[in-house]
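Letter by letter, the chains look like this.
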Amino acid sequence: MLSQEEIDFYHRQGYLRVEGVFGPAEVEALREELDWIFSTWADHNAAWQGPWREVYMDEEQRRQAMLVAINDLHLHSARWQQAAAHPRLTGALVELLGPDVELHHTTLHAKPPQVGSPFPLHQDNAFFAHQTPAYADAILHLDDAPEEAGCLRFMAGSHQLGPLEHIRGQGAPHLPTDQYRLADTVPVPARSGDVVFFNLWTIHGSDLNLTPHWRRAVRLGYRDPSNSQLDGHALGRLGWMVKGRRPKLETTVGMSR
Ligand SMILES: O=C(O)CCC(=O)C(=O)O
């Protein structure tokens, strides 16, 4: 699925965009299902809060910024559960993580036209900490995401810093804005059907969606099943094996009973 060059790039830079993992008809079917999720389960008032907003947006933008989000859409929709086991997606994950791959969570982040909210720089480890970096997030794009639409942005190679202290208790966990600046990140524009993979420890964020179009993306988090979770979302929950087998470990054996 991936070339050796792509695998090396992921390990060196901490992220990787893979084009056309999902075909146009597959994307269209998932978009239709998202319409239903939008009108039934999704939170339409999910923009991240915190003092970082003063740095990322002017006053008018702060008043208008919006995000539609929901965690674990694969637990609400069979079509999304099937998407999480897509052969090209899981084929790439085996090459990044090894033969055994467990789905940990899914999350929708939909930025509405013109007012789609930014994300402050952070590591996802601050939201679901694990013992090792053997964890890859895969962001599936349902719409084209050029730079002006608030595409993902990464601090290249930052996963090598390991887990960092985040500012907590003031909205969403985030890194100090004076030390970690969006201007120092690499934008990774993508097309619908592309998947951007990144390491749990890679620093990332994104800017406002200023285009007249939605920027809908779903994050699917996968781990080596022997990588124990320490804290955060879905702690204590066994995930679905999308490739290989779960090793019998002290830490997970009790969770199966
Ligand atoms: O969707 C985005 O623009 C950023 C998402 C993000 O930061 C994340 O999924 O951790």
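Quick caveat, the model's predicted, so the values are computed rather than measured.

A. Structural view of the site of the ligand. Taken together, His 109, Lys 111, Phe 119, His 122, Asp 124, Ile 139, Leu 152, His 204, Ser 206, Arg 215 and Arg 219 are the residues near the ligand. Between an oxygen atom of the ligand and a side-chain N or O atom of His 122, the distance comes to 3.1 Å. A distance of 2.8 Å is found between an oxygen atom of the ligand and a side-chain nitrogen or oxygen belonging to Asp 124. Alone, the ligand offers 290 Å² of accessible surface; in the complex the protein occludes 100% of this. Secondary-structure elements contributing two or more residues to the shell around the ligand are β3 (101–111), β4 (119–122), β9 (204–206) and β10 (215–223). Of the residues assigned to the shell around the ligand, the class counts are three nonpolar, four polar and four charged.

B. Structural detail: the pattern of salt bridges. The tally for this structure, following the rule as stated, stands at 16 salt bridges. Glu 102 serves as the salt-bridge partner of Arg 246, at 3.2 Å between the closest nitrogen and oxygen. Separated by 144 residues along the polypeptide, Arg 246 in the loop between β11 (240–243) and α7 (250–253) and Glu 102 in strand β3 bring together distant segments of the chain. Taking the shortest distance from any N to any O, the salt bridge between Arg 153 and Glu 147 comes out at 3.4 Å.

Criteria and thresholds
- Residues numbered from 1 in each chain as written.
- Predicted model: local features only at pLDDT ≥ 70, side-chain atom pairs only at ≥ 80, totals over all residues.
- Heavy atoms only, no water.
- Near = heavy atom within 4 Å.
- Polar contact = N/O pair within 3.5 Å; in protein donor to acceptor, adjacent residues only side chain to side chain.
- Areas by Shrake-Rupley, 256 points an atom, 1.4 Å probe, with all protein chains shown as cover.
- Helix = DSSP H or I, 4+ residues; strand = E, 2+ residues; numbered from the N terminus.
- Nonpolar A, V, L, I, M, F, W, Y, C, P; charged D, E, K, R; others polar.
- Salt bridge = Lys/Arg side-chain N within 4 Å of Asp/Glu carboxyl O.

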